[in-house]
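# Chain and residue survey
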Amino acid sequence: MAKVKPAAAKTVYRCDNCGHAETKWMGRCPGCNEWNSLIEEAARSGRRTEEAALAAPVSVSDVADDSASPRLLTGIAEVDRVLGGGVVPGSLVLLGGDPGVGKSTLLSQLMGGLAARYSGKGAPVLYVTAEESTAQAALRLRRLGVAHAAVHIMAETDLEAILHHAAKLQPVLVAIDSIQTIATSTLDSVPGSLAQVRECTGRLMQFAKQRNIATVLVGHVTKDGNLAGPKTLEHMVDVVLQFESDHGAMYRILRAHKNRFGSTQEIGVFEMRSTGLAEVANPSALLLAERPKGAPGSVVVGAVDGTRPLLVEVQALVAPPAAGFGRRTVSGVDPNRVALLLAVLAQRANCDVLSQDVFVNVAGGIRLTDPSSDLAIACAIASSARGRAIDAATLVFGEVGLAGEIRAVPFAEARLAEAAKLGFRRCILPKQNAANLVEKVDLELFATDRLQTAIAAL
């Protein structure tokens, strides 16, 4: 007797702009006339509405309090700091980053820490690799020192098979590497398409909430940052972690762009080594270890990334123009901000280098987006232009306005405390910050509200 071929799952093509649905793909949406906006998704049955009607509203006083439930500690202090104290059971975490930045390495070490801590309680971890074989994944895990028996590896791309084995194993954490390579049989589109990524993430979210199993999804970032990547899924997950590093930089930074269970103002700093990612507990000391002493154009800025103070060296070099007009080469800061500071220096501080070649660099490959680095950049340029070195034990921070005024910045006490801990003796800071200090610091403070006065003091 011939086998009856099962009917293919029904799909619809829904406009991502206006919600119009079609039974087949069209290049242009008939509802809003938007091009290439129809996305394939599984057709929903009417039975789902009947099942959903069975769930009745409940009073908030009748809901069990889960705030006392312990978080899962990963054994990596920098990761736990960014997550707000550890992984919340039942949460869905998205780990994004450029290819090669170290997402799989970080995930492998995270699973090793969880396995070592919770294996005695009978809670394994499941690593689903859709881009490698089990042998390749095991080779990397052994190289990183993650050879714990509680770490289970599964090379699979079918979502239904992954959910089946995860439900059977009941792990403390499921890691999917990566979400772009997972596909469900309910859709005919290829893995990595927007429809597949959305559907698979929605199914995994339901699984995590129903089973109270923490789930981590790895997502690759494309050039535009939103095609089948983490930007598409940010509204669906609980936590969005971004693992980033400038090309050639020695440090990796882990940030939380979304966190339903903690702050988004914390960062974790890592250094990539042959044995894996190493935590950097005191990045300021490492960044300043090779700082030249007595060199014009070198200034230390007290920056803040999130709520974490970070002391970084800003270098500037002013040279005669090579092509007859001033050239700007900037690394680690916004070039437009440097152009603004050059104009303020010329008009407000009697330091005109607009016709010169100006080079600005932030040592260590760190990128400064904090406006408090304005004063340090301006002072470094003036130091190089006049050939006079700034005292190596001096810290500088403050925002510079177009009128040449020095504006106050947040977290001044944290910056000063970090400088005192590293042996700095003097600080140039905004007058408003100095007036509002609550705690006394062991530093000589020079408060100013004018750029020209700050440069003269240095």
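Residues numbered from 1 in each chain as written. Predicted model: local features only at pLDDT ≥ 70, side-chain atom pairs only at ≥ 80, totals over all residues. Heavy atoms only, no water.

Our focus in this paragraph is the overall build of the chain. A count of helices and strands for the chain gives 13 helices and 21 strands. Structurally, the chain occupies a C-alpha span of about 95 × 60 × 50 Å along its principal axes. Taking as baseline every contact in the chain between residues at least 6 positions apart, the subset at least 24 positions apart corresponds to 66%. Of the roughly 22500 Å² that the chain leaves accessible, carbon and sulfur atoms contribute 52%. Of the charged side chains in the chain, 47 are positive and 46 negative, and the gap between their average positions amounts to 2 Å. (Helix = DSSP H or I, 4+ residues; strand = E, 2+ residues; numbered from the N terminus. Contact = heavy atoms within 4.5 Å. Areas by Shrake-Rupley, 256 points an atom, 1.4 Å probe, with all protein chains shown as cover. Lys, Arg positive; Asp, Glu negative; His and termini not counted. Charge placed at Lys NZ, Arg CZ, Asp CG, Glu CD.)

Another point: the pairing of strand 5 (residues 125-129). For strand 5, the buried fraction is high: 5 of the 5 residues fall into the buried class. What you see with strand 5 is no split at all: Val 125, Tyr 127 and Thr 129 on one side and Leu 126 and Val 128 on the other are buried throughout. Traced from strand 5 through helix 4 (residues 134-143) to strand 6 (residues 151-155), the parallel crossover comes out right-handed. (Buried < 20%, exposed > 50% of the residue type's maximum accessible area, 1.4 Å probe, protein only. Right-handed = clockwise from strand over helix to strand, strands pointing away.)

This part covers the sheet that holds strand 15 (residues 328-331). Here we have 7 strands laid out as an open sheet, ordered 15-16-14-13-17-20-21, and mixed in their pairing. The open sheet has two free edges, formed respectively by strand 15 and strand 21 (444-448), since each of these has just one partner strand. Along the sheet, successive strands turn relative to each other by an average axial angle of 25°, direction set aside. In this sheet, strand 17 (residues 394-396) lies alongside strand 13 (residues 298-305) in parallel orientation, the contact comprising 2 bridges. Its bridge partner lying in strand 17, Val 300 is registered against Leu 395. Along the sheet face, helix 11 (residues 412-421) touches strand 13, strand 14 (308-319), strand 17, strand 20 (426-430) and strand 21 and points at about 80° away from the line of strand 14. (Pairing = 2+ DSSP bridges. Axes fitted to C-alpha atoms, helices over the stretch in contact; angles between N-to-C directions.)

For the rest of this paragraph, the subject is empty space enclosed by the protein. Summed over all chains, the structure comprises 3 cavities of 30 Å³ or more. Space inside the largest cavity adds up to approximately 90 Å³. Lining the largest cavity we find Val 79, Leu 83, Val 87, Val 93, Leu 95, Leu 106, Leu 107, Leu 110, Val 216 and Leu 241. Secondary structure elements with two or more residues in the lining of the largest cavity: helix 2 (77-83), strand 4 (92-97) and helix 3 (103-118). Among the elements that make up the lining of the largest cavity, the one with the highest residue count is helix 3 (3 residues). Residues that form the lining of the largest cavity fall into these classes: 10 nonpolar, no polar and no charged. Lining the second largest cavity are Arg 291, Pro 292, Gly 294, Ala 295, Ser 298, Val 299, Val 300, Ile 390, Asp 391, Ala 392 and Thr 394. If you tally residues by element for the lining of the second largest cavity, the top one is strand 13, at 3 residues. Residues of the lining of the second largest cavity, tallied by class, amount to 6 nonpolar, 3 polar and 2 charged. (1 Å grid on protein atoms, 1.4 Å probe; cavity = no way out; pocket = protein on both sides within 12 Å on 5 of 7 lines; lining within 4 Å. Points joined across faces, edges and corners; volume = space filled by probe spheres on them. Nonpolar A, V, L, I, M, F, W, Y, C, P; charged D, E, K, R; others polar.)

Let us look at the packing of aromatic side chains. Going through the model one piece at a time under the given rule, you end up with 1 aromatic pair. With a centroid separation of 6.0 Å and 80° between ring planes, the pair formed by Phe 243 and Phe 270 is classed as edge-to-face. With a gap of 27 residues between them, Phe 243 in strand 9 (residues 239-244) and Phe 270 in strand 11 (residues 267-273) connect regions that are remote in the sequence. Owing to a relative accessible area of 1%, Phe 243 belongs among the buried residues under this scheme. Its guanidinium or amino end placed over the ring of Phe 397, Arg 415 lies 5.4 Å from that ring's centre, counting from NZ or CZ. (Phe/Tyr/Trp six-rings, centres within 6.5 Å; stacked < 30°, edge-to-face > 60°. Lys NZ or Arg CZ within 6 Å of the ring centre and 35° of its normal.)

Positionally, Leu 277 belongs in strand 12 (residues 276-279). Take Leu 277: its relative accessible area is 9%, and that puts it in the buried class. Along the sequence, Leu 277 and Ala 138 sit 139 residues apart, while their C-alpha atoms lie 17 Å from each other.

Okay, the pattern of salt bridges next. As enumerated under the stated definition, the model contains 15 salt bridges in all. Where Glu 160 meets Arg 203, a salt bridge forms, and the shortest distance between an N and an O atom there is 3.3 Å. Placement of the pair is Glu 160 in helix 5 (residues 159-169) and Arg 203 in helix 6 (residues 194-211), with a sequence separation of 43 residues. Residue Arg 203 is classed as partly exposed on the basis of its relative accessible area, which comes to 24%. A salt bridge links Glu 244 to Arg 255; the shortest N-O distance between them is 2.4 Å. Of this pair, Glu 244 sits in strand 9 while Arg 255 is found in strand 10 (residues 251-259), placing the two residues 11 residues apart along the sequence. Glu 244 sits in the partly exposed class, given a relative accessible area of 28%. (Salt bridge = Lys/Arg side-chain N within 4 Å of Asp/Glu carboxyl O.)

Strand order in the open sheet formed by 9 strands is 6-5-7-8-4-9-10-11-12, and the pairing between neighbours is mixed. Looking at strand neighbours, the two that pair on one side only are strand 6 and strand 12, the edges of this open sheet. The mean inter-strand angle of the sheet, taken between neighbouring strand axes irrespective of direction, is 25°. When strand 5 meets strand 7 (residues 173-177), the two strands line up parallel, connected through 5 bridges. Within the sheet, the bridge partner assigned to Val 128 lies in strand 7 and is Ile 176. Of the strands in this sheet, strand 4, strand 5, strand 6, strand 7, strand 8 (214-220), strand 9, strand 10, strand 11 and strand 12 are in contact with helix 3, which crosses strand 5 at around 160°.

Here the largest pocket defines a volume of roughly 360 Å³. Around the largest pocket, the lining is made up of 21 residues, and of these Glu 244, Asp 246, Ile 253, Arg 255 and Arg 367 lie nearest the centre. Of all elements in the fold, only strand 9, strand 10 and strand 13 reach the threshold of two or more residues within the lining of the largest pocket. Here the element with the most residues in the lining of the largest pocket is strand 10; it accounts for 4 residues. Of the residues belonging to the lining of the largest pocket, the class tally is 9 nonpolar, 4 polar and 8 charged.

What follows concerns unusual backbone geometry. The omega torsion across Asp 177 and Ser 178 is 5°, close enough to zero to call that bond cis. You can see Ser 178 is positioned in the loop between strand 7 and helix 6. Of note in this structure, Gln 170 is not a glycine but carries a positive phi near 55°. Structurally, the position occupied by Gln 170 is in the loop between helix 5 and strand 7. With a phi angle near 55°, Asn 350 is a residue other than glycine that sits in the positive phi range.

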